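# Remarks on the overall topology
Spelled out, the chains give:
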Amino acid sequence: MDQSCTKKKPIKRSEHIAALSRDHHAGLLFCWKIKEGLKCGIDPLRINQYVKYFWEGHLQEHFREEETLLFNKLDNDLTSQGKREHQVLSGWFMRIINNEVEHFKDYLSFTELLTNHIRFEERVLFPFIEEHLPKTDLEAIGAHLAKAHSVAFNDSYHDEFWIRQA
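Let us look at the structure shown here. Remember, it's a predicted structure, so these values are computed and weren't measured experimentally.

What counts and what doesn't
- Residues numbered from 1 in each chain as written.
- Predicted model: local features only at pLDDT ≥ 70, side-chain atom pairs only at ≥ 80, totals over all residues.
- Heavy atoms only, no water.
- 1 Å grid on protein atoms, 1.4 Å probe; cavity = no way out; pocket = protein on both sides within 12 Å on 5 of 7 lines; lining within 4 Å.
- Points joined across faces, edges and corners; volume = space filled by probe spheres on them.
- Helix = DSSP H or I, 4+ residues; strand = E, 2+ residues; numbered from the N terminus.
- Nonpolar A, V, L, I, M, F, W, Y, C, P; charged D, E, K, R; others polar.
- Core = buried A, V, L, I, M, F, W, Y, C linked by side-chain atoms within 4.5 Å.
- Buried < 20%, exposed > 50% of the residue type's maximum accessible area, 1.4 Å probe, protein only.
- Contact = heavy atoms within 4.5 Å.
- Expected span 1.5 Å × (residues − 1).
- Arc of directions from axis to C-beta.
- Phe/Tyr/Trp six-rings, centres within 6.5 Å; stacked < 30°, edge-to-face > 60°.

### Re empty space enclosed by the protein
For the coordinates displayed, the defined rule picks out 1 cavity of 30 Å³ or more. Approximately 40 Å³ is the volume found for the largest cavity. Surrounding the largest cavity, Asp23, His24, Gly27, Leu59, His62, Phe63, Glu66, Leu114, His117, Ile118 and Glu121 form its lining. Secondary structure elements with two or more residues in the lining of the largest cavity: helix 1 (18-39), helix 2 (44-70) and helix 4 (104-132). Each residue belonging to the lining of the largest cavity can be placed in one class, and the counts come to 4 nonpolar, 4 polar and 3 charged.

### Observations concerning the nonpolar core
Within the largest apolar cluster, 26 residues are counted, with the highest numbers of intra-cluster contacts made by Phe30 and Ile34. Here this core takes 7 residues from helix 2, the largest share from any one element. Here Phe30 is in contact with Tyr50, Val51, Phe54, Phe93, Phe110 and Leu114, once residues within four sequence places are set aside. Counting 15 residues, the second largest nonpolar core, distinct from the first, contains Phe71, Ile129, Leu133 and Leu145.

### Some details on the environment of Gly41
Summarising the element assignment, Gly41 is placed in the loop between helix 1 and helix 2. Classification of Gly41 by relative accessible area gives exposed; the value is 61%. Between the alpha carbons of Gly41 and Phe161 there is a distance of 9.6 Å; along the sequence they are 120 residues apart.

### Structural notes on helix 5 (residues 135-148)
Compared with the 20 Å implied by 1.5 Å per residue over 14 residues, the 20 Å span of helix 5 between its first and last C-alpha is a close match. Taken together, the buried positions of helix 5 are occupied by Leu138, Ile141, Gly142 and Leu145. Along the axis of helix 5, the buried residues cluster in a sector spanning 105°; they form a single face. Away from the buried face of helix 5 by more than 90 degrees, exposed residues Thr136 and Lys147 are located. Of the surrounding secondary structure, the elements contacted by the buried residues of helix 5 are helix 1, helix 2 and helix 4.

### Topic: the packing of aromatic side chains
For the coordinates displayed, the defined rule picks out 16 aromatic pairs. Between Tyr53 and Tyr157, the aromatic rings sit 4.9 Å apart at their centres with planes inclined by 45°, giving tilted as the arrangement. Here Tyr157 lies in the segment after helix 5 and Tyr53 lies in helix 2, a separation of 104 residues in the sequence. The class of Tyr53 is partly exposed, set by a relative accessible area of 25%.

Okay, here's the thing in structure tokens:
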């Protein structure tokens, strides 16, 4: 049977860290918006302002939560990779926010790195953490996230540069 025609089963995420997976959806949408803006030939400064909004209003805290609540609970190659990727991505965010990135290919590299990082966390790192963290730790993490994420992130950025103008 041709594998390309089979449906992939959705990833079943522990309810205790599902809020972080919802954040990942917002991250993938963020990348899509940047790529759409690039297709529209949007001025890089407009994209940079959106990157600043998303970083400061959402993703910086998301990285901190993942590292504090998950990655620091286990010390192994996978959690170390997650931390390293956060450092690399944080550097990209700072360069973009400081208007040091303005080339099409650099934005594409940035969105590819972030997308690949999200996929790594969802497909490899989170399942590993769910399997290896004690249930009581996962429950405590879930309680913390329930309070911290009582209102889901709403990307309400004012400049919808990714929408093609008629």
